[in-house]
Amino acid sequence: MRSPIFLIGFMGSGKSTVGRHLADHLGFRFIDTDVFIETRFRERITDIFARYGEETFRRRERMAIEELMSMPETIFATGGGLPCQGDTMDLLLEAGHTIYLRGSAPVLASRLELCKRTRPTIRDKSGDELLDFVKQSLERRAPIYSRAHAVYDIDEVDTVAKERLLAEEIARSLDLG
Ligand code: S3P
């Protein structure tokens, strides 16, 4: 059985869309950790943050990945903060193949402007405030994301067709023997 693949990176980097294409291409199962958490705890991510705070969300996120990470033949789209908590990145590196979808702060911020409603850490930010938040978070997180086994730049991947091509490129590069 082939080991799981973890797509990691900041919000808005295309982990879910690229991950779905990749799963289709390889015949793997696809799991988005945010969706899994919402289903398992029967609460939206925004409600988990609002009711219990970020710490509870991070605890649930960690429980979820510990439960799931040994599933073979699975593509995981992980929440943007997931690998950055404690030793979670070590666990992912050990459990399978990790791929960082790397975006620059300006590109990520402009993409997130369009889809921030369901993302509690940014839903109330826009313009320069959002850009500053992305820059600062990325500065902290990039060294962790960059430990991934492979890195792909996504700034130019701005259409569905290009996301599909990226998924095919990733699939080709995997030695799945
Ligand atoms: C978060 C990213 C989100 C989600 C939550 C917190 C973060 O996932 O887990 O809103 O801290 O970066 P996506 O990266 O899938 O948007």
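Everything that follows concerns the structure shown earlier in this document.
On a predicted model such as this, the values are computed, not experimentally measured, just so you know.

Caption draft 1: Region of interest: the pairing of strand 3 (residues 74-77). Judged by which residues are buried, strand 3 turns out to be covered on both faces: Thr74 and Phe76 on one side and Ile75 and Ala77 on the other are all buried. Inspection of the sheet shows strand 1 (residues 5-8) paired to strand 3 by three bridges, in the parallel sense. Looking at the pairing, Leu7 lines up with Ala77 of strand 3. Bridge count between strand 2 (residues 29-32) and strand 3: four bridges; the pairing is parallel. The partner of Arg29 across the bridge, within strand 3, is Thr74.

Caption draft 2: Quick peek at the nonpolar core. Membership of the largest hydrophobic core comes to 50 residues, with the highest contact counts inside it found for Ile99 and Ile170. Not counting residues within four places of it along the chain, the set of residues in contact with Ile99 comprises Ile5, Phe6, Leu7, Ile8, Ala148, Ala150, Tyr152, Ile170 and Leu174.

Caption draft 3: The site of the ligand, seen in detail. Close to the ligand lie Met11, Lys15, Asp34, Phe57, Arg58, Glu61, Gly79, Gly80, Gly81, Arg119, Pro120 and Arg141, which account for all nearby residues. Arg58 is positioned such that a nitrogen or oxygen atom in its side chain is 2.6 Å from an oxygen atom of the ligand. Gly81 is positioned with one of its backbone polar atoms (N or O) 3.4 Å from an oxygen atom of the ligand. Out of a free accessible area of 390 Å², the ligand has 95% covered by protein chains. Top contributing element to the shell around the ligand by residue count: helix 4 (residues 54-68), with three residues. In the shell around the ligand, the residues fall into three nonpolar, three polar and six charged.

Caption draft 4: Molecular detail of the layout of surface pockets. Taken as a whole, the largest pocket encloses approximately 840 Å³ of empty space. Considering the residues around the largest pocket, the lining is formed by 32 residues, among which Ser16, Asp32, Asp34, Thr118 and Arg119 are closest to the centre. Elements with a minimum of two residues in the lining of the largest pocket: helix 1 (15-26), helix 2 (33-41), helix 3 (45-52) and helix 4. Of the residues forming the lining of the largest pocket, the biggest block, four residues, is contributed by helix 1. Considering only residue class, the lining of the largest pocket consists of eight nonpolar, twelve polar and twelve charged.

Caption draft 5: Local environment of unusual backbone geometry. One non-glycine residue, Arg42, lies in the positive phi region at around 50°. With respect to the helices, strands and loops of the structure, Arg42 is situated in the loop between helix 2 and helix 3. Here Glu73, not a glycine, exhibits a phi torsion of approximately 50°, which is positive. Assignment of secondary structure puts Glu73 in the loop between helix 4 and strand 3.

Rules behind the numbers
Residues numbered from 1 in each chain as written. Predicted model: local features only at pLDDT ≥ 70, side-chain atom pairs only at ≥ 80, totals over all residues. Heavy atoms only, no water. Buried < 20%, exposed > 50% of the residue type's maximum accessible area, 1.4 Å probe, protein only. Helix = DSSP H or I, 4+ residues; strand = E, 2+ residues; numbered from the N terminus. Pairing = 2+ DSSP bridges. Core = buried A, V, L, I, M, F, W, Y, C linked by side-chain atoms within 4.5 Å. Contact = heavy atoms within 4.5 Å. Near = heavy atom within 4 Å. Polar contact = N/O pair within 3.5 Å; in protein donor to acceptor, adjacent residues only side chain to side chain. Areas by Shrake-Rupley, 256 points an atom, 1.4 Å probe, with all protein chains shown as cover. Nonpolar A, V, L, I, M, F, W, Y, C, P; charged D, E, K, R; others polar. 1 Å grid on protein atoms, 1.4 Å probe; cavity = no way out; pocket = protein on both sides within 12 Å on 5 of 7 lines; lining within 4 Å. Points joined across faces, edges and corners; volume = space filled by probe spheres on them.

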